[in-house]
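Chains, contacts and geometry: an overview
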Amino acid sequence: MIYAAAVFAPILGSAIAGLLGRAIGDRAAQAVSILGMVIAAICGNIAFAELAWGGAETGSVDLGTWISAGPFHAAWALRYDALSAVMVAMVTLISTMIHIYSVGYMGHDEYPTYRFFSYLSLFTFAMLMLVTADNLVQLFFGWEGVGLASYLLIGYWYEKPSACAAAIKAFLVNRVADLFFAVGIALVFFVFGSVEFPAIFAAVGQHAGETYAVLGGSWPVLEVIGVLLFIGAMGKSAQIGLHTWLPDAMEGPTPVSALIHAATMVTAGVFLVARMSPLLEFAPTVKALIVIVGGSTALFAATVGCTQNDIKRVIAYSTCSQLGYMFIAAGVGAYQVSIFHLITHAFFKALLFLGAGSVIHAMSGEQDMRQMGGIWKKVPVTYVVMWIGNLALAGIPFFAGYYSKDAILEANFDVGTGVGLYGFVCGVAAAFLTAFYSWRLLIMTFHGKPRAEAGVMAHVHESPAVMLVPLIVLAIGAVFSGMGFHAQFVGEGWHEFWRSAIVNGPGNHVLADLERVPESIALLPTVMGVLGIALAYGMYVAAPSLPGALARAFGPIYRFLLNKWYFDELYDAVLVRPALALARSLWQVGDATLIDGVPNGLASLATDSSAQVVKLQTGSIAIYAFSMLIGLVLLVTIYLLFR
Amino acid sequence: MNQVGFPLLSLITFLPLLGGAVIMSVRGDEATVAQNARWTALWTSLIVLGLSLILWWRFDPALAGFQFAESLPWLPEFGVGYRMGVDGISVLFVLLSTLLTPVCILASWEAITTRVREFMLAFLVLETMMVGMFCALDFVVFYMFFEGVLIPMYLIIGVWGGPRRVYAAIKFFLYTLAGSVLMLLALLAMWHFAGTTDMTVLLRTAFPQTMQYWLFLAFLASFAVKVPMWPVHTWLPDAHVEAPTAGSVILAGVLLKMGAYGFLRFSVPMLPQASAYFAPLMFTLSVVAVIYTSLVALAQTDMKKLIAYSSVAHMGVVTVGIFSLNIQGVSGALFQMLSHGVVSGALFLCVGVIYDRMHTREIARYGGLSDRMPAYALTFMLFMMASVGLPGTSGFVGEILVAIGALRVNFWLALLSSTGMILGAAYMLYLYRRVLFGRLTKPDLRGILDLSPREALVFAPLVVVTLWMGVYPSSFSHFFDASVAALVRNQQAAMAAPARHALLTMAGEEVVGPGSRAVSAVGSSGDAR
């Protein structure tokens, strides 16, 4: 079936490119992996179209048994419903664009790039397995596979210490979250006796009243499961507290950042929440927690994004912030809206990263926006697509982000609860900041006087067509994906589009009520966006001395934001250093002194005496012979005694 | 006599000794002897591997009992006999042993240059002892093989080991001796009670509760050292560090499984009440092992020590699974044992590859190797990921099943015993980064060569098995599904036995239930005396 082809073509490409790359040459390896992706994108989008417009039946493709032990059973299967299909279509399409773009971007790398393309395809495959999983364990397979691929790609330039550190950090921070996810899976099996989605979703209602005793209290078991799975989602989707790996992940080549931030990896957490909607509908506390975490992240990341000077870092924090938006939507029960934003975001975020890559390419590898400026005439296509990307990101009307972001804030306002209001306020404030840092980025990068060295400036050039074509395709998506999908995803057609892929509980009318939000509220995000742009214009064009003056005047706040709220320093002091110190003391004191003290005393006794008694070439043999003898004597003695 | 009509298990067990005899009879100058010894050992072990594959094809996984059984009278007046047989729990360990032996012989092809004949002989004897131990169905036979394994291992560490081999070997010995003596006492006590050392009878004998406690502790003393469990684990890093590569592979791959196998073969089925009673103790020790030794591994500067400590942590997961006493936990423990046998063996081989080239295990002496050794880097990456339990590799299956089994006991047990997911990733990625990533700055590493064809051949079967176990674990786990189900069922029945006892005697009929069989076995052994 074409659906299976969409999932498995990338891994085939990855294996051929990776294992045979040296034999068949770099060009051939690139071609194979791109071919795999193109096949996947065509098949994936056909499968999606059949479901969305062709009226195809949902179902699942069974591929065989994976793990089974007693009643525990996890299958290899591909789930085919609206949620999976839309993710497959998006992931394959965006990833294909990134593959093609990489041919140009990695062209100047001093090493052959077959390894890079192999990893990219592996990354895509893992994400596809994740979104098509029909049970939690296969989802975890994709989940961890994504972790592996991100580790390999972030650390792609393994000679750079910072890249290695970032790669390890990404893997470990994710693993912290995954620990809870894994335990959550175990608890799901404990409660439902199955890890298969159909079985879980069918039985959710029966377990709604059950409780589970942990942490000195008795909690509704579905809430406990929800919290555990959500912690997993927080790790992958870089929510506040577990976000620290994401900004560092830009140590990888820029196409990797685009892949991580747009199509694969970070969207996995949002996907998980949407996938588990039948269960979360019975876990109101977890939903409230999701809104609070999402709202806080949206605002926190936006504040940090306003002060960063590295072009990729600004975009990285914007991802963090946008993921927060997706969660506040999911937390109020509007899972469809969160997936809508996930899709539109995928287009414009891939566009922004690849655009930034094009800028970096033009600037001979420079990433610091303070060393850019005044290049917009030299890179016109990049300049235009970056505008489009930022317009979409800031939620300016008729660009993709406008539809999805508006729907999110309306949904939050609409539910009328306290947490909903919190999400709404955070979202509106973050919308303002988003527009501000987006235009700060545009102005600092492209406008003003050139701040780079003359040699660099002389070399500034537009990227080759192989990079520009993906940019243009993504730009089209960033313009039209919002209005194009609005009706089906969250508008009047949502019911027959999603069918049972996403479940809204009986009391959950948030989607139906979307259109009833007052006009003034619906306009608010747009107004905030325009204000943010105006502020950026004021600070960086009209009065360029203002930012520096502000930074000096509010020194502590500025440094707090510049240093990303000191999360890294905090973790280093509270977790990393103590763990390493503990490790050393356990080894040197615990093992070497305490535990080994006893046998070492005995051993030195034995060596001394044996050295005097026997002189053999290897002392050890003597000891063995001697000890065997003791053993034999003991054996015979005891045997005789018991006879 | 059994489904193949000839004593297959004895043949697999003792064929290596025949190869050993051939090796001893070779004459000629030293180089010829060495070369002949290598080839003879390799062919012997390959034939043994081929024979053991008959087990793979002919073993009936639907049956929970012992298959390929053999029985010869030996000391009939004491109830001791030569009994062999495998069930789902042991059969794959036979295969693991016969798979790793040729791998080790091939890995030592060039690394061992002195006393090659004796080395190969020691390895073949070791194979006999390992296979015999997993096949033995009589406690005395088991005990002999169990202790016998140590002799060739002592020699391999003591003669072909590193500079501190004497210290390591003595430590190894002191630790294991104490445990062995206590197990011997347990053997005698069980024989005294049941009147036989036939393990199939012992499995059906209901030992009194207090006796079970003492027997359990005696077994624990022996098996805990072998696993090794915290805090009797410190012999392992030293033994690994000093052992030659092949010795480490077998030590980690098979010998560490002896303790856990002992728990599964003796403690849990024969002492069901005691196993349930002491389970919290086992959980505590295991969880401490996982966290403690993972942290210690993080601080290591010697590659082999790091992997040795990681073994202790992984075996902690195994003991959690065993004593969770449910199907998922025990299956997970078994799978983790098999997986760890392959993966940690392969990791030691990975260390061996660069040790053979640079003659140091110091992590700081390496860096940036992936530049010069891409195939090696890929292989190491695969086994590293299997070690940290990445889904799709063999390491994940055991880990998730144990987590599921542990959660049925207690939430915190599941959470804490799974912390290896984080810590394991930390020390392995940190190791990989220091050895393979970074810039290649050390001048003597410039000329380092990638895997030779022989080394690639050594890794190939392990790569295949690791991925196969990860993607389609059922082809392995179906071997032990029935046995594990029976084990868990019997354990639960034994816990409920006192209540059922009266009922069954009243009914006064031959009942197939395990509880009743245990009762009748007690009766008959009582009559015998």
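No experiment lies behind these values; they were computed from the predicted model shown.

Looking at the overall build of chain A
- Secondary structure assignment for chain A yields 26 helices and 4 strands.
- For chain A, whose C-alpha radius of gyration is 28 Å, the value lies close to the compact-globule estimate of 26 Å for 643 residues.
- Counting only C-alpha atoms, chain A reaches 100 × 65 × 55 Å along its principal axes.
- A fraction of 80% describes how many contacts in chain A between residues 6 or more apart in sequence connect residues 24 or more apart.
- Of the accessible surface of chain A, which amounts to about 22700 Å², a share of 70% is contributed by carbon and sulfur atoms.
- Computed over 29 positive and 36 negative side-chain charges, the separation of the two mean positions in chain A equals 10 Å.

Overview of the interface of chain A and chain B
- With 72 residues of chain A at the contact, the number on the chain B side is 83 residues.
- Here chain A meets chain B over a buried area of about 6800 Å², counting both sides, of which 75% is carbon and sulfur.
- Our count for the contact surface shared by chain A and chain B stands at 1 salt bridge.
- The residue R439 of chain B makes a salt bridge to E159 of chain A at a minimum N-O spacing of 3.1 Å.

Focus on the state of the cysteines
- Counted according to the given criterion, the structure contains 0 disulfides over all chains.
- Take C164 of chain A: it sits in no disulfide, and the sulfur closest to it among the cysteines is that of C350 of chain B, at 18 Å.
- Judged by its relative accessible area of 2%, C164 of chain A is buried.
- Free of any disulfide, C320 of chain A has its nearest neighbouring cysteine sulfur in C306 of chain A, separated by 13 Å.
- A relative accessible area of 1% means that C320 of chain A is categorised as buried.

Quick look at the confidence of the model for chain B
Residue and element names in this part refer to chain B.
- The predicted model of chain B averages 85 in pLDDT, with 93% of residues at 70 or higher.
- Here residues 499–529 scores under 50 on pLDDT; set against residues more than four positions off or in separate chains, the count is 24 contacts.
- Scored as a whole, the predicted complex attains pTM 0.88, and scored at its interfaces, ipTM 0.87.

Focus on a nonpolar patch on the surface
- The grouping of L12, I16, L19, L20 and I24 of chain A together with L378 of chain B at the surface amounts to a nonpolar patch, some 550 Å² of accessible area in total.
- With 5 residues, helix 1 (residues 2–24) of chain A is the single largest residue contributor to the nonpolar patch.
- Within the secondary structure layout, L378 of chain B lies in helix 15 (residues 374–387).

Procedures and definitions
- Residues numbered from 1 in each chain as written.
- Chains lettered and ligands numbered in written order.
- Predicted model: local features only at pLDDT ≥ 70, side-chain atom pairs only at ≥ 80, totals over all residues.
- Heavy atoms only, no water.
- Helix = DSSP H or I, 4+ residues; strand = E, 2+ residues; numbered from the N terminus.
- Rg over C-alpha atoms; globule rule 2.2 N^0.38 Å.
- Contact = heavy atoms within 4.5 Å.
- Areas by Shrake-Rupley, 256 points an atom, 1.4 Å probe, with all protein chains shown as cover.
- Lys, Arg positive; Asp, Glu negative; His and termini not counted.
- Charge placed at Lys NZ, Arg CZ, Asp CG, Glu CD.
- Buried area = accessible area lost by both parts, 1.4 Å probe.
- Salt bridge = Lys/Arg side-chain N within 4 Å of Asp/Glu carboxyl O.
- Disulfide = S-S within 2.5 Å.
- Buried < 20%, exposed > 50% of the residue type's maximum accessible area, 1.4 Å probe, protein only.
- pLDDT = per-residue confidence, 0-100.
- Patch = residues over 30% accessible without salt bridge, like charges linked within 9 Å, V, L, I, M, F, W, Y side chains within 5 Å.

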